[in-house]
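One-letter residues, chain by chain:
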Amino acid sequence: MAFNDGKTKDPALASADPEIARLIEEENRREHESMRLIASENYASRAVLEASGSCLTNKYSEGYAHKRYYEGQAVIDQVEELAIARLKTLFGAEHVNVQPYSGSPANLAVYLAFCNAGDTVMGLALAAGGHLTHGHTVSITGKYFKSVPYGVRKSDYRIDMDQVRALAKEHRPKLLWCGTTAYPRTLDFKAFREIADEVGAVLAADIAHISGLVATGVHPSPIGIADVVTSTTHKTFRGPRGGMIFCKKEHAAAIDKAVFPGLQGGPHNHTTAGIAVAAKEALEPSFKTYCQEVVVNAKALGEALVSRGFDVVSGGTDNHLLLIDLTNKGLPGKPAAQALDKAGIVLNYNAVPFDPRKPFDPSGLRIGTPAVTSRGMGRPEMERLATWMDAVVKAPTDESLLARIAGEVKEACGHFPAPGIRL
Ligand SMILES: *Cc1c(COP(=O)(O)O)cnc(C)c1O
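Since we're looking at a predicted model, the values are computed, not measured.

Caption draft 1: Layout of the overall build of the protein. Counting its regular elements, the protein contains 16 helices and 15 strands. Expected size for 423 residues packed as a compact globule is a radius of gyration near 22 Å; at 22 Å, the protein falls within 12% of this value. C-alpha extents for the protein along the principal axes are approximately 65 × 60 × 35 Å. At a minimum sequence separation of 6, the contacts of the protein that also span at least 24 residues come to 71%. Put simply, the protein shows about 17900 Å² of open surface, and 55% of that area lies on carbon and sulfur atoms. Across the protein, the centroid of the 47 positively charged side chains sits 1 Å from that of the 47 negatively charged ones.

Given below as structure tokens:
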């Protein structure tokens, strides 16, 4: 058989490249049999995967709809226009660019659109839950721009808006980022807007983690408040791996030019199609229910962990993730994450604010509920997760315990088919 007819499982791949076919099969199984709690991950639907794995990958289409540098765009223009129209409806945005290859390139486009090398930028420090691309020293954004990071308060681990204001007034940033990768609390976009206006900064909101929650009103939206909003498409949004940028009309030309030809060549049209499908799914009422459940589950898991003596940073969560400081458990984050992985519970070790330990061996764990919620898991499963996590953290080297829990996790997962996963 020369191609995948869609009826059987990837027969073309299995015959052309059995090694890769086997590895994909293994990953399918791992994603089915484990509790995936990495806060940035999810399960894209079969429909999203199908669109993303389509012949659209073959087409070059540098430029934008009806202004391309290659012929043969009759179909691609419609795909991109559909994706944009759906996202405009979903987010209430004036302008959308769906071409960024991922979240990081979307953020680079913002720098290119609004800044010159050497300009001052501000963002939440990585150690406090910010993203590399908001000016961290090892990132190009920290090397080519003068980065002034802000942090969270020691008293309650919330972003310290007084510090943001004081630093902004002192350093007069060209660009002010609000957006997080490991922060469990609601972002106050209006407060950031006020500060940006006081110092004449461009306000960029990065909703990579929370875009699903924002689309459904489960988290307040920065659209119409921030000058520009960036996001990934594969976290709570549950689409293919990609990026998107929303902005006011007045910035549309600058953003589009920054993405192409400023940073990128041809857009990944198969990804654009996957984004369009994800946007259609996100417009369904069931997606709002899903996003609400993500937060309900995160809160439930947080409460279940607190009741087992876990130190949940800031005392809980408003969104899809929890940060746990394991210091009181006498176990650093990395060996905890590794032991949990052996038990079928997959998450990542993470620095906690004011972490005395090194970033590669920090004190905490980050836990997210988007993927398990996509499988329909609820409060009973959150309780079980907390029980398993408690047992693993108490005896991280007890291999027979880890194996027993991995078996229980696998059995539990069997009752919750994962979207997109075909065994
Ligand atoms: C994940 C993330 C990104 C980067 O996304 P990639 O697709 O991994 O490049 C950017 N900003 C924030 C806040 C993120 O959480």
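Additional details are given in the paragraphs that follow.
Caption draft 2: Examining the domain arrangement of the protein more closely. The domain boundaries assigned to the protein delineate domain 1 (52–282) and domain 2 (294–413). Using only C-alpha atoms to locate each centre, domain 1 and domain 2 end up separated by 29 Å. Tallying the contact residues gives 19 residues for domain 1 and 18 residues for domain 2. Here domain 1 packs against domain 2, burying approximately 1600 Å² in sum over the two surfaces, 60% of which is carbon and sulfur. Contact with domain 2 buries area across many residues of domain 1, yet Tyr-157, Pro-184 and Arg-185 alone supply 36% of it, more than any other trio. For the interface between domain 1 and domain 2, the tally reads 1 salt bridge.

Caption draft 3: Examining the site of the ligand more closely. Close contacts around the ligand come from 13 residues, with Ser-102, Ser-104, Asp-206, His-209 and Lys-235 the closest. Interatomic distance of 2.6 Å between a side-chain N/O atom of Asp-206 and a nitrogen atom of the ligand. The side chain of His-234 places a nitrogen or oxygen atom 3.5 Å from an oxygen atom of the ligand. Considering the ligand on its own, with 380 Å² of exposed area, one finds that the protein chains cover 87% of that surface.

Caption draft 4: A look at the sheet that holds strand β10 (residues 243–247). As summarised here, the arrangement of the 7 strands in space is β4-β10-β9-β8-β7-β5-β6, forming an open sheet in which the pairing is mixed. In the strand order of this sheet, the two ends are held by β4 (95–97) and β6 (146–150), each with one partner. Averaged over all adjacent pairs, the angle separating strand axes in this sheet is 20°, with direction ignored. Both strand β9 (residues 228–232) and β10 contribute to a ladder of 5 bridges, which runs antiparallel. Bridge pairing in β10 links Thr-230 to Ile-245. Contacts from helix α5 (residues 103–114) reach β5 (120–124), β7 (175–179), β8 (202–206), β9 and β10, with the element oriented near 160° to β9.

Caption draft 5: Broad picture of the environment of Lys-249. Within the element layout of this structure, Lys-249 appears in the loop between β10 and α10 (252–263). Of the residues examined, Lys-249 reaches a relative accessible area of 61% and is grouped as exposed. Separated by 83 residues in the primary sequence, Lys-249 and Ala-166 place their C-alpha atoms 30 Å from one another.

Caption draft 6: Molecular detail of unusual backbone geometry. Cis geometry marks the peptide bond from Phe-260 to Pro-261; its omega dihedral reads 10°. In this structure, Tyr-157 is a non-glycine residue whose phi angle is positive, near 60°. Within the secondary structure, Tyr-157 sits in the loop between β6 and α7 (161–171). In this structure, Phe-354 takes a positive phi of about 60° despite not being glycine.

Caption draft 7: View of the pattern of salt bridges. Across all of its chains, the model carries 22 salt bridges by this definition. Its salt-bridge partner being Glu-33, residue Lys-410 comes within 3.6 Å of it at the nearest N-O pair. In this pair, Lys-410 sits in helix α16 (residues 399–413) while Glu-33 sits in helix α2 (residues 18–33), placing the two residues 377 residues apart along the sequence. Relative accessible area serves as the criterion here: at 45%, Lys-410 is assigned to the partly exposed category. Using a relative accessible area of 23% as the deciding quantity, one classes Glu-33 as partly exposed. We note a salt bridge from Glu-198 to Lys-169, for which the minimum N-O separation is 3.5 Å.

Caption draft 8: Region of the structure containing the nonpolar core. Among the nonpolar cores identified, the biggest contains 56 residues, and Leu-87, Phe-91, Tyr-150, Ile-159 and Leu-176 are the most heavily contacted of them. Looking at this core element by element, the count peaks at 6 residues for helix α8 (residues 189–199). Excluding residues within four positions of it along the chain, Ile-159 makes contact with Leu-124, Tyr-150, Gly-151, Val-152, Arg-153, Val-164, Thr-180, Tyr-183, Leu-187 and Phe-192. Judged by nonpolar contacts, the second largest core, of 37 residues, contains Ile-324, Leu-365, Ile-367 and Leu-385.

Cut-off values and rules
Residues numbered from 1 in each chain as written. Predicted model: local features only at pLDDT ≥ 70, side-chain atom pairs only at ≥ 80, totals over all residues. Heavy atoms only, no water. Helix = DSSP H or I, 4+ residues; strand = E, 2+ residues; numbered from the N terminus. Rg over C-alpha atoms; globule rule 2.2 N^0.38 Å. Contact = heavy atoms within 4.5 Å. Areas by Shrake-Rupley, 256 points an atom, 1.4 Å probe, with all protein chains shown as cover. Lys, Arg positive; Asp, Glu negative; His and termini not counted. Charge placed at Lys NZ, Arg CZ, Asp CG, Glu CD. Domains from an automatic or database assignment. Buried area = accessible area lost by both parts, 1.4 Å probe. Salt bridge = Lys/Arg side-chain N within 4 Å of Asp/Glu carboxyl O. Near = heavy atom within 4 Å. Polar contact = N/O pair within 3.5 Å; in protein donor to acceptor, adjacent residues only side chain to side chain. Pairing = 2+ DSSP bridges. Axes fitted to C-alpha atoms, helices over the stretch in contact; angles between N-to-C directions. Buried < 20%, exposed > 50% of the residue type's maximum accessible area, 1.4 Å probe, protein only. Core = buried A, V, L, I, M, F, W, Y, C linked by side-chain atoms within 4.5 Å.

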